Amino acid sequence: MFFAGKGTCFGFLQAKEDDLQHLDMSEREVVMLEIQELTKKYGKYLAVDHVSFTVPTGQVGILLGPNGAGKSTIIKSIAGLLRYQGGVGIEHMPARTLEAKRVFAYVPEVPAMFDALTVREHIEYIKRAYNSDITDQEINQLLTRFELDDKQQKLGRELSKGMMQKVSICCALAIKPKVILLDEPMVGLDPAAIKELKEVVLELKEQGVTVLISTHMLEMVKELWDLIFIMEKGKIIGMFNKEDQKDADIEELLFQITEGGEAK
């Protein structure tokens, strides 16, 4: 399911293991997710064009842009679902390594369920696959939060798109990840589930989990973001850091970028 990226990697991906062991721990813990010169082509079509960015530990990064901008391609590349050129690092490890895969979770835009597994069995499957220490009580709490507690015995083939999305989110959270990737996670969710997911993202942030969300709907993430990467035609055309912008109107900043201005 997972593929290694091709091409020259960057920074810590080029370093030897001995070199990494001598880095100051405070430096090694600053950046949890790092993307360098990520490039993806489908035949002659350039879907992602030498994209680089980092998301520090415990922050929420947003890939924002219209459909077809390359957001999902980046998320799928990080998750190991696509071959690509460039480097992807998670917790200072190449994303292709088993150690890196154990600490990140992925919620796809279009969830896929096992037809013959129940809702509960999907979560139990993920728990065993990742050797997660999540307890039965914690699983029950997840199911309750996303209004799935009375649907535990429903089979995958019986679930609506919204319910499949909720199950996918619960499976990702069951891993207790250090990095979580969410690809258009609010599409298909009802208002109550959207509110719950936003609260979960803020809780994850408080716990030091790094979050990367792709979306084309700014209003869905206005209260969540620490970093916003504006994408258009496979490139990042602007980046905003909430600390630098303070009380600035993000919609106005976005308008400036998309109208040809420059991010400050």
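Bear in mind that the values here come from a model prediction, so they are computed numbers and not experimental data.

Conventions used here
- Residues numbered from 1 in each chain as written.
- Predicted model: local features only at pLDDT ≥ 70, side-chain atom pairs only at ≥ 80, totals over all residues.
- Heavy atoms only, no water.
- Buried < 20%, exposed > 50% of the residue type's maximum accessible area, 1.4 Å probe, protein only.
- Helix = DSSP H or I, 4+ residues; strand = E, 2+ residues; numbered from the N terminus.
- Pairing = 2+ DSSP bridges.
- Arc of directions from axis to C-beta.
- pLDDT = per-residue confidence, 0-100.
- Contact = heavy atoms within 4.5 Å.
- Core = buried A, V, L, I, M, F, W, Y, C linked by side-chain atoms within 4.5 Å.
- Expected span 1.5 Å × (residues − 1).
- Salt bridge = Lys/Arg side-chain N within 4 Å of Asp/Glu carboxyl O.
- Axes fitted to C-alpha atoms, helices over the stretch in contact; angles between N-to-C directions.
- Parallel < 35°, antiparallel > 145°, perpendicular 65-115°, else oblique.
- Left-handed = near helix turned anticlockwise from the far one by under 90°.

Strand β3 (residues 60-64) sits mainly inside the fold: five of its five residues count as buried. Of the two faces of β3, the one lined by V60, I62 and L64 and the one lined by G61 and L63 are each fully buried. The sheet contact formed by β3 and strand β9 (residues 227-232) spans four bridges and is parallel. Pairing of L63 across the sheet is with F229, part of β9.

Moving on to helix α6 (residues 119-129). By the burial criterion, the buried members of α6 are V119, R120, H122, I123, I126 and K127. When α6 is viewed along its axis, its buried side chains cluster within an angular range of 160 degrees and face the same direction. Among the exposed residues of α6, those oriented more than 90 degrees off its buried face are R128 and A129.

To continue, consider the confidence of the model for the protein. Per-residue pLDDT for the protein averages 85, and the proportion of residues at 70 or more is 84%. Contacts from residues 1-29, a stretch scored under 50 in pLDDT, to residues over four places away or in other chains number 46 contacts.

Below, the discussion takes up the environment of G188. Inspection of the secondary structure assignment puts G188 in the loop between β7 (179-183) and α9 (191-206). C-alpha separation for the pair G188 and K166, spaced 22 residues apart in sequence, amounts to 9.5 Å. Setting aside residues no more than four positions away along its own chain, G188 makes contact with K161 and G162.

A word on the nonpolar core. Core analysis: the biggest nonpolar cluster contains 50 residues, and I180, V211 and I213 have the highest contact counts within it. With nine residues, the top contributor of residues to this core is helix α8 (residues 161-174). Other than its neighbours up to four places away in sequence, I213 contacts V60, G61, I62, L63, L182, P185, V201, V221 and L224.

So, about α8. With 14 residues, α8 should reach 20 Å at 1.5 Å per residue; the first-to-last C-alpha distance of 20 Å fits that figure. Most of α8 is tucked away: 13 of the 14 residues are buried. Once α8 ends, the next one or two residues include K176, with phi positive near 60 degrees.

Before going further, it helps to spend a moment on the pattern of salt bridges. All told, the structure shown has 15 salt bridges when counted by the stated rule. E147 is paired through a salt bridge with K166; the nearest N and O atoms lie 3.8 Å apart. Of this pair, E147 sits in the loop between α7 (136-145) and α8 while K166 sits in helix α8; the two residues are 19 residues apart in sequence, bridging distant segments of the chain. On the basis of relative accessible area, E147 is assigned to the partly exposed category, the value being 42%. Between D150 and K151 there is a salt bridge; the shortest N-O distance is 3.2 Å. Looking at D150, the relative accessible area reads 60%, which means it is exposed. The class for K151 is partly exposed, based on a relative accessible area of 22%.

What follows concerns the packing of α6 against α8. It is the contact of α6 with α8, at a shortest axis distance of 9 Å, that shows an interaxial angle of 30 degrees. Considered as vectors, α6 and α8 are oriented roughly parallel to each other. The crossing of α6 and α8 is right-handed. Of α8, the residues touching α6 (which contributes V119, H122, I123 and I126) are V167, C170, C171 and A174.

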